[in-house]
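Listed below are the residues making up each chain.
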Amino acid sequence: MFGYVLKTLLRHRARTLLTLSGAAVAMFVFCFVGSVQEGLERLTSGSDADRCLIVFQENRFCPSSSRLPEDYAPAIKKLAGVKQVMPIQVWTNNCRASLDIVVFNGIPPEQIRDNRPVHLINGSWEAFLTRRDAAIIGRNIANRRGLKSGDQFTIGDLSVQVAGVFASDVPSEENLIYTSLQFLQYSRGKETAGTVTQLEVHLTADADPDAVASLIDQTLRNGPVATTTRRKGAFQASTLSDLVDLIGFAHWLGYACVGLVLSLVATTTVMSVQDRIKEYAVLQTLGVRPFRTMRLVLLESTLLCTVGGVLGTVVASVALWMGGFAIGAEGATIAFRPSPELILVGTAVSCTVGIIAGLAPAIQAATVPIVMALRNE
Amino acid sequence: MALVELKNVCRSFRKGEETITPLDDVTLEIHEGDFVSLMGPSGTGKSTLLNLVAGIDRPDSGSITVAGTEITNLSRGQLADWRAANLGYIFQTHNLIPVLTAYENVELPTLLLKLTATQRRQRVELALRAVGLSDRADHYPRQLSGGQEQRVGIARAIVANPRVVVADEPTGSLDTSTSEQIQDLLQRLNRELGMTVLMVTHDRDVAGIATRRLTLNRGKFLPS
Ligand SMILES: Nc1ncnc2c1ncn2[C@@H]1O[C@H](COP(=O)(O)OP(=O)(O)OP(=O)(O)O)[C@@H](O)[C@H]1O
Ligand SMILES: [Mg+2]
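Residues numbered from 1 in each chain as written. Chains lettered and ligands numbered in written order. Predicted model: local features only at pLDDT ≥ 70, side-chain atom pairs only at ≥ 80, totals over all residues. Heavy atoms only, no water.

A.B. asks: I would appreciate a short explanation of a nonpolar patch on the surface in the present structure.
C.D. replies: Residue and element names in this part refer to chain A. A surface patch of nonpolar side chains, amounting to about 460 Å² of accessible area, comprises V314, V318, W321, M322 and I343. Sort the elements by how many residues they give to the nonpolar patch and helix α13 (residues 290-323) lands first, with four residues. Assignment of secondary structure puts W321 in helix α13. We classify W321 as partly exposed; its relative accessible area is 43%. (Patch = residues over 30% accessible without salt bridge, like charges linked within 9 Å, V, L, I, M, F, W, Y side chains within 5 Å. Areas by Shrake-Rupley, 256 points an atom, 1.4 Å probe, with all protein chains shown as cover. Salt bridge = Lys/Arg side-chain N within 4 Å of Asp/Glu carboxyl O. Helix = DSSP H or I, 4+ residues; strand = E, 2+ residues; numbered from the N terminus. Buried < 20%, exposed > 50% of the residue type's maximum accessible area, 1.4 Å probe, protein only.)

Here is the structure:
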């Protein structure tokens, strides 16, 4: 009977192909939207997000306007609950929301090697540690800009040599370019000498992040500039707040895609069943049970929807993996990297939508008035 | 006991205000091995009677017993099972499934029975041989002539060894010589395989091959 369903789908090749491609395109968009949501979710909920603090200049939002004295770092290091402080100089080509954002993080090189969740996939730490203008770049940005070890990369008035490309389990890391702190401070002119954009504070296992954060702000209140300290997740969410709203809205787009697939597959299945309603009457005359008739139609719609949906999901996942796309603003980026769960969700959604889309026509086929349908020549 | 037994069967249809009652208190017995032809003016309810025997329609009142089963009280699903095991239906137009080959079309009813793959293949081959189309097994309906399509339809109706075969104007849309082939075939099914056949026809000559001829007029059987 499975053969019968397959042959039925092949009977109207054009219609089947159009429906398949429609379902594929819609599930492509669904997957795309889903991976953006996932990227955002990861930024604000990763283990990093809660156990790590970012110290920023009070009331400043763009990295280019936050200037903290570098010697805040040793002061913070002394506080209870603080394991480590990492001074970071941030430079970005675009403070506003952009799809091709380039973000440089200048950090003391040994701290990058020892503390960032990155591992080189080519190039060497050696080259990075010894050369003043050396940079290691995330895999995504390497893919996007076509860069490899040994290349010179110039953007604006910054010019670095690529000493290596790194991968990371934290997708948004792969959109960053790391240089040494000093390089980034001095290449930006004298005014940034001795200052950093932000300080990343790693906590001891038993520290309460919010308590330490307010302790930091209180301690530095009397310093040259006041600070705002937040958990890293909250910091990134507020930095990206415009995008967060937009992305939050985009999940409706995901639902719309599911609705689209549903109506598309339902239309095709209804048409297919109505064309062949007499065939279902014949099948039942031969002794096919109504319930089995129903299953035949459901199989048809589910097959159509699942094949199309899985195709779209897989193509989207591969494209997003390879493309290394990311959206960012003000030095924070969201990586569009689909997780394996997203592929599973895409498949499950396609399958479920296929069943729902086939329900009405399946019932129609199962309850066809046999004699009436046979009379219609 | 008769193989097919209709007792006081009534069937009427509503068409707007009007009620048509083609079968009004019909009683009929068909015995095992009978070849019954049913004639009568258009619109007297021949097809209606046939569909009642086939269990694809239900009477308003009365009882129908086929091969020992009272089918009037069965559910739609039970009727389907019953048809799969006991009934062969030959349509006026063959009603083959266009995407399936002759072989697959004939195989369909056997898929509904508990048979092994070998038994199934044997049955299908036997049925195709009986209608003389073994060499056309791989052909699709559109590659067959009208007469051949009808023969595949007959093979499909007999492949499950049904107790009763019903045929609604099986030669109605065929030319004379093709019609004669089909008549021969039906006669052989009855004589050689002992199948019980109930056939509706408009053609006096076709009716001639039956062992028992009935004429239905205004809901009553006329003696012939
Ligand atoms: N579903 C239905 N709804 C309304 N009327 C119906 C329906 N089915 C049959 N009839 C009516 O019942 C009567 C008997 O129909 P039936 O098809 O049994 O006639 P028939 O003897 O087979 O005619 P023919 O020789 O033309 O095939 C006809 O008047 C027909 O219009
Ligand atoms: Mg008729």
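Past the structure itself, the notes keep going.
A.B. asks: Is there a simple way to explain the site of ligand 1 in this structure?
C.D. replies: Close to ligand 1 lie 14 residues; S42, K46, S47, T48 and H202 of chain B are nearest. Mapping the residues near ligand 1 onto chains gives chains A and B. K15 of chain B places a polar side-chain atom, nitrogen or oxygen, 3.3 Å from an oxygen atom of ligand 1. T44 of chain B is positioned with one of its backbone polar atoms (N or O) 3.3 Å from an oxygen atom of ligand 1. (Near = heavy atom within 4 Å. Polar contact = N/O pair within 3.5 Å; in protein donor to acceptor, adjacent residues only side chain to side chain.)

A.B. asks: I tried to follow the interface of chain A and chain B on my own but got confused; where do I start?
C.D. replies: How big an interface is tends to be stated in terms of the accessible area lost upon association of its parts. Between chain A and chain B, the residue contacts involve 24 residues of the former and 23 residues of the latter. Taken together, both faces of the contact between chain A and chain B bury some 2200 Å²; the carbon and sulfur share is 64%. Considering only the side of chain A, the residues that lose the most area to chain B are K7, T285 and L286 of chain A, jointly responsible for 29% of the buried surface there. Taken together, the connections running from chain A to chain B amount to two salt bridges. For E104 of chain B, the salt bridge identified is with K7 of chain A, shortest N-O distance 2.7 Å. (Contact = heavy atoms within 4.5 Å. Buried area = accessible area lost by both parts, 1.4 Å probe.)

A.B. asks: When you look at the side chain of K46 of chain B in this model, what are you seeing that I'm missing?
C.D. replies: Residues and elements named next belong to chain B. With respect to the helices and strands, K46 occurs in helix α1 (residues 46-54). Of the side chains with opposite charge, E169 lies nearest to the buried K46, which makes no salt bridge, at 5.6 Å. A polar atom in the side chain of K46 sits 3.0 Å from the backbone oxygen of P41. (Lys, Arg positive; Asp, Glu negative; His and termini not counted.)

A.B. asks: What should I look at first to understand the packing of helix α2 (residues 13-45) of chain A against helix α11 (residues 241-275) of chain A in this one?
C.D. replies: Describing two packed helices takes the angle between their axes plus the distance from one axis to the other. Residues and elements named next belong to chain A. The interhelical angle for the contact between α2 and α11, taken along N-to-C directions, is 160 degrees, at an axis separation of 9 Å. Classified by the interaxial angle, the pair formed by α2 and α11 is roughly antiparallel. Two packed elements cross with a definite hand, and for α2 against α11 that hand is left-handed. When the residues that make up the contact of α2 with α11 are grouped by side-chain class, the tally is 19 nonpolar, seven polar and two charged. (Axes fitted to C-alpha atoms, helices over the stretch in contact; angles between N-to-C directions. Parallel < 35°, antiparallel > 145°, perpendicular 65-115°, else oblique. Left-handed = near helix turned anticlockwise from the far one by under 90°. Nonpolar A, V, L, I, M, F, W, Y, C, P; charged D, E, K, R; others polar.)

A.B. asks: Honestly, the environment of A234 of chain A in this entry has me stumped. Any pointers?
C.D. replies: One can find A234 of chain A in helix α10 (residues 232-239). With 189 residues separating them along the chain, A234 of chain A and S45 of chain A place their C-alpha atoms 9.0 Å apart.

A.B. asks: How do you make sense of the packing of α11 of chain A against α13 of chain A when you look at a structure like this?
C.D. replies: Residue and element names in this part refer to chain A. Packing of α11 against α13 brings their axes to within 10 Å, and their N-to-C directions diverge by 140 degrees. The angle between α11 and α13 falls in the class oblique. The handedness of the crossing between α11 and α13 comes out as right-handed. Contacts from V261, V265, T268, T269, S272 and V273 in α11 reach V297, E300, S301, L304 and C305 in α13.

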